[in-house]
Structure formats: C-alpha cells, structure tokens
Amino acid sequence: KNQSNMANETTPFLSNSTRRRSFSRFGDDVPSSGVRPSGDSINNIPLALEQWHRRSISNQSEVARDILPRRRSGKHRTAKSTGHIGVDVGGGSIQGHQRVRSFMQTVDGSISALTPIEMGRHELYEELPFLAIPGLQKKEHNLSVAFSSYAAALDALETDEYLASTGKPLNAEEKEKRLSQMSLLLLDELEVDSTVVTTPLIFAVLIASMLMFNMGYNISVMNAPEPFVFPGHSTSAWSMAVAAFCVGGPFGSVLAGQWADQRGRRGALLLTTWLFIFGGLVQSMAPSLSVVILARMLIGVASGASTVLVPVYLGELAPPNLRGVIGTLTQFALVIGIFFADLVGFLFANANQWRYMFALTTVMALLQLALTPFLLESPRWLLGRNANSSKARFIIKKLRGFRYDEEVETEVNHYLGAAKTQGLDGVDDNDSRSSSYDGDWEDKENPNQPNNKSSQNAMTEMFADKTIRLLVVSTLVLQVANQLSGINAVFFYSGLFFEGVIDNPLVGTTLIGGINVIATYVALLLMDRCGRRTLIMWSSAGMFVSCVIIVLSLKGYLDKLVALGAVASYVSFFEIGLGPIPWLVVAEMFEGKYVTSAMSISSQLNWTCNFFVGLLFPYINKALGPYSFVPFATVLLLTFVYAWIWLPETQGTTPEELQAQLIKKNVNTTYHNMDIEGTVSGGPPSQDEWAEALALMQSYEDNAGEESVVKSQM
C-alpha cells in the first residue's frame, strides 16, 4: 500500500481532499515522502540564473518583464499580485486568500508552512544584518540567487520523483529547463522588494536622511566662515573648534545604543533631532569661540548618534532587498550636506552673516521635527519588547502594504526568526501568534533594561575566533586608513589649503564638494562590479599619487592649478574605496551576531582618528608647508602594501557558496509540496491538518515496524 492509502485507512476524521493534498500536490493517491537537499541533488546554479546574475542589478527588474511574461498589479501583495507565485489553481482562483504552501519538516519533527517565496524572504531576513549600508545590494542579490536556485532544485526533484513513479521521469534537458524556469520565476519575486516601496517607508527614509544631511553640513560648515568668526582667534582655538565635532562623535555613538534600547528607535531619533536644534542655536548665538567649541561638541554628539541610529532604524524598517539601496540614499544625503555647506558659504560667509550659516543647522532640524508625526517606530524594536505587540503588526501592515493578517503574521515571524539567528535582545513569546519562535530571550520581566550581554559575548568571541581574526584586524586597519588618509583635512580646512592656490578658496572648496557627490555615485556603480580588495588598492594608490602631485604643485614644480585637480582626484579615489568599503566589509563578511560589535568598535576608532586629523592638521600645515600631505601619503602607501599582502578579498560569498551553505544548513530538513508555480489541484491544507496527517503516518509506520518485529520473533 502506498502512503496515501495508509492515510485513508487510518485518518477517517480528515476529508479526502485534505488527505490527498497533505502528502502530494500531484493528485489522488500519489506517494510522496518529500525531498531533501544534498550535494548530489543540488550542486549548481542554472545557466539562465548565471546570465541573470551577470546583468547590472539596477536593470534586472526590467529584464524580468521580458523573461517572465507575467503581469504585476498594484502595490498590494494579493493572491494575484507580485509576492505570491502561482495563483490560478485547478483552473480557478484560490478562495479566501489561501496560498499554495510548502512544508518544511525538521529532524525534531517541527513543521512550518510557508510559500517558496516566503521561505526565500525568511532566509534573507536571517542572513542580512538589520542595517541600511551602501553597497549591500550585492550580498542581497547573491542570497536571492542562491535561494532561488536551491528552491527550484527542490521543486525539480519533487517533480522528477513523481514523474519517475509514472514511468516518465524528466530527462536531463527537461530538468535543466524546469530548474531555470522556476529559478527565474522565484528570483523575480524575491527581487521585487527592491522596486516596490510604500509611502510610510518613503517618509521614514526622508526624515532619517535629514539627520545625515545635517551631519554632512556640519562637517564642512566651519570651512568658509573661518576668517570672519571672531577674527584674531589663534590656530589652536580654531582647530579645537573644528575638532570638537569629533570629540562629541564617539559619545554620541555610544549613547545612541542606549537611547535606542530604552526609548525606541523613533524616540532616539527625536532626541538626536533636539540635540541638533539646541546645538545649532547655541552655535549661532555664541558670544565667544569657547561657546562655539561647546556647541560643536554637542552637534558632534548628535552626529555620532546619527551614524548609529539611521542605518539601524532604516535597516529595521526596510525589507532585506531594499537595505542596500536605502543605505545608498543616506550616503548621498551626507555628501550633499557637505556640498550644501559650501554653496551656502557664498551667501553667508562674511563678517555680518556668518551666524546664519550656523543657524541653518537648527532650521533643518526643525523641519525634520515638523515631519516626525509621519515617523513610525521600528517594528523590530517593538517585537523585541513584546512578540505579541499589536502596534508592531499595525506598523508592518503599513510599511509593507499588506491586506491580510496572515501576511502580517508571516512577516512577524521573519523578524522573530532573524532575531533568534542574530542573537538579539529579548522578546516575550508567550502568545500563540509567535509560537513558531522558540528562542530563549533575556530580560522578559523588565523590557526597559537594555540587554548588553549578547553584545559583550559577541565581542569576546569575535577576537577569540581565529577564523575571522585577520578580518577583524583588516577592519581596524581600514578604519584607521579611512581617516588618517587625510580626507577630512580637506573638508575641514580646504579654505586654508587653497589660499594662494586659487583666487577665491571657496570656489575650490565648492568644486571639491560637487566632485565628491559625483564620485559617490561612481563608487556605487563600481562596488557592484569590482572586488573590495581591488577597490581598496586602487583607492589607496590613486590617493597616494594625488598626494605626490599636490606636493609637487605646492613646491612649484607644477602649476598650482594642478593642485586643485589633484585634490579633486584625491577625493574621487577616496569615494571609490577607502570611503565606503571599511563600513561595507563589516556588514558583508561578519556573521549577524558579530555585526553590531564590529560596527561599534569601528565607529569608535574612526571618530578617534577623525579627531586627531581635525585637531592636528593646522599645525601640520604650518610646520610642513607644501609637504603637509606627506604624512597622509605615508599612510596611504602602508595601506596599499597591507591590502596587497594581507587583506582578504571581502566582496562577499558567491551564490554557489551560499547555495552550498543552504544545503548544509537544511540537510536534515524534509520539504513537501515544493510548488513554485502553484499548480496544486485545490486550496492548501492548514498546518494543523498537515501535522495531524504526518503524525498518523508516523504512528502507522511505527506500528507496522513493531508488528514485523513480533512476526520475526515468532
């Protein structure tokens, strides 16, 4: 007797249709024991998927419409819209928003019911850090490619298993065709998150990006008005006023974590906004340079907090496939803020209006404050305090544009599953709505108490783990090189540097700011195509050559205008490598449990080096004159040598490697009903019905085994 007939005899309380669909999607009385991944059965990325992967990521959504002739309809993921593959079942539509489910049965007997696309999104949630960082798109895409191929191979295995039972198994060509078609179909659905956004998410990105804009503005705001702010100030006093910004930064980055845990992400962002408001007011009304120093320190605290809060907040709101794109937008907000400060200098950098430049910090923060009613709390933080939070579910529904509670609960379980994998702080999981999550959480009785234990443990493990020790050292080296390359000496003191090089130093400063914006865009294109180590080497080498040309120009061997071009080249090479990649390496290469600790250490080291550059460059310029860029050139040369000899390639794991990891991770998992097309003959069974049927099957097999033992003994 086959398994379906066994079930028919032993489960009279289940309907015939339920029993049939519980075991197979191929019709009446079809035996199916499920399929398991293995290196022999799933061992390659389909050729069609490789061609898709080589295309520019920004063009793949358009290409998908040509490859897959399917119609998208609306922003909501209904039964006939993007987000649920295969909706026409048995010639008609699924009733009551039922979905074609696949089932995963782990070795401990637990069962989860998700569609293949939901399985893919769950993998993305678990593997990608909750951070919006520029350049993360490649890792997002590689994960999508890996899972699409993995799930399509399971679909092809199950189909071939059924057809083999009928005497007509798939031949090699038919297997490859089905594998390619299902892979492309699933990848198209996973990638759609990078093209579909909702209005609440747009407002969140806009409001949070204003913090980064304000930070960029304050990086460069001291440059243009230097001759007019309290004339007669000493070099030490002015360098301290500039560097005070970097004194506040480390404190802000430390405090931001506490604020975010205790007040929520939204509350921490509001507190940071008020710091910008107050700091800008104090700076614009300062009676002396000493008060400016204190105000700059306060603004530095706000800026340091922004560098922590904005990537975390947007990463927790955005779906995984959008985190890299949103991180790119915040990076643009930063460099545009720097450029805006240079432009404003043409209007207000004079003896009578320089205070207006400082007051703009407050004006921009007030504008942000006016928009905060549209700012949503992070659903991840709400679920971290209470897994049953109705507010979190309401926010998720708005952010994703869902119509059905079932979709919301699936998304909630994505968040909770990722929290379990990445080892984050407490969730109360006593409610049935989160019963699929069985992790151990701390501080359940006192959700207001921040949980730093996991962070401390992760930091200890990170330094003790020999397999990532070189990566940890490389991360620290790149953070030091990021600042000691001297980039902020240009943004802090370009007016001082361009004196005698160009008639109006502000023109040169503004030109550099504009080139910085363009170079940021070029860098984002290169990061999708080139290895991280390669870009670091090109960046450090290009900046080194630029430093040499600057020195030669200032010494008179070359025209002084060449120095302006060399500074522009210097900034451009920074943006393609040493600017973004030290941060991207952390998000790409560290496991989720290490990302927060690695980011924290990187931030502290970066701000410390930034402080020394801001404080010491005026003295270096005064002492070395035309040789002032020699110390930076030395750092860049050492960086190039380190990258050449020791730096590992950190571009990220390839789709093939990720697919092998998926196989290893799920080697003891059995998949049933892996139906990417959604072609079952009827609506899907519930998870409870499936569990009952499987339990009765197991009971039947156990009884049959006992009977055979008894007979053998007789």
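For the structure itself, look to the data block above.
Below is a short write-up of the structure. Computed from a predicted structure; not experimentally measured.

**With respect to the packing of helix α8 (residues 199-220) against helix α11 (residues 323-348)**
Thinking step 1. With their axes 7 Å apart at the nearest point, α8 and α11 run at an angle of 40 degrees to one another. By the angle class used here, α8 and α11 are oblique. The handedness of the crossing between α8 and α11 comes out as right-handed. Taken together, the residues of α11 that come into contact with α8 (itself represented by Leu201, Val205, Ser209, Met212, Phe213, Met215, Gly216, Tyr217, Ile219 and Ser220) are Ile326, Leu329, Thr330, Ala333, Leu334, Ile336, Gly337, Ile338, Phe340, Ala341, Asp342 and Val344.

**Thoughts on the pattern of salt bridges**
Pairs can form between side chains of opposite charge whenever their charged atoms are close.
Thinking step 1. Counting across every chain of the model gives eleven salt bridges.
Thinking step 2. The shortest N-O distance in the salt bridge between Arg265 and Glu316 comes to 2.9 Å. Here the residue Arg265 occupies a position in helix α9 (residues 235-284), and Glu316 occupies one in helix α10 (residues 289-317), the gap between them amounting to 51 residues. Summarising the burial analysis for this pair, Arg265 and Glu316 share the class buried.
Thinking step 3. Measuring nitrogen to oxygen at the nearest pair gives 2.5 Å for the salt bridge that ties Glu316 to Arg380.

**As for unusual backbone geometry**
Peptide bonds are, in most cases, trans, and in most cases residues other than glycine have a negative phi.
Thinking step 1. In this structure, Phe230 is a non-glycine residue whose phi angle is positive, near 45 degrees.
Thinking step 2. Within the secondary structure layout, Phe230 lies in the loop between α8 and α9.

**A short note on the packing of aromatic side chains**
Thinking step 1. Within the structure shown, the criterion is met by 21 aromatic pairs.
Thinking step 2. Ring geometry for Phe130 and Tyr415: centres 5.9 Å apart, planes at 20 degrees, overall stacked. In this pair, Phe130 is assigned in the loop between α5 (116-127) and α6 (137-165) and Tyr415 in helix α15 (residues 405-422), connecting sequence segments 285 residues apart.
Thinking step 3. Residue Tyr415 is classed as buried on the basis of its relative accessible area of 2%.
Thinking step 4. Note on Phe230 and Trp354: the rings are 5.4 Å apart at their centroids and 65 degrees apart in plane angle, and the pair reads as edge-to-face.

About the criteria used
Residues numbered from 1 in each chain as written. Predicted model: local features only at pLDDT ≥ 70, side-chain atom pairs only at ≥ 80, totals over all residues. Heavy atoms only, no water. Axes fitted to C-alpha atoms, helices over the stretch in contact; angles between N-to-C directions. Helix = DSSP H or I, 4+ residues; strand = E, 2+ residues; numbered from the N terminus. Parallel < 35°, antiparallel > 145°, perpendicular 65-115°, else oblique. Left-handed = near helix turned anticlockwise from the far one by under 90°. Contact = heavy atoms within 4.5 Å. Salt bridge = Lys/Arg side-chain N within 4 Å of Asp/Glu carboxyl O. Buried < 20%, exposed > 50% of the residue type's maximum accessible area, 1.4 Å probe, protein only. Phe/Tyr/Trp six-rings, centres within 6.5 Å; stacked < 30°, edge-to-face > 60°.

Honestly, it's all geometry; don't read function into it.
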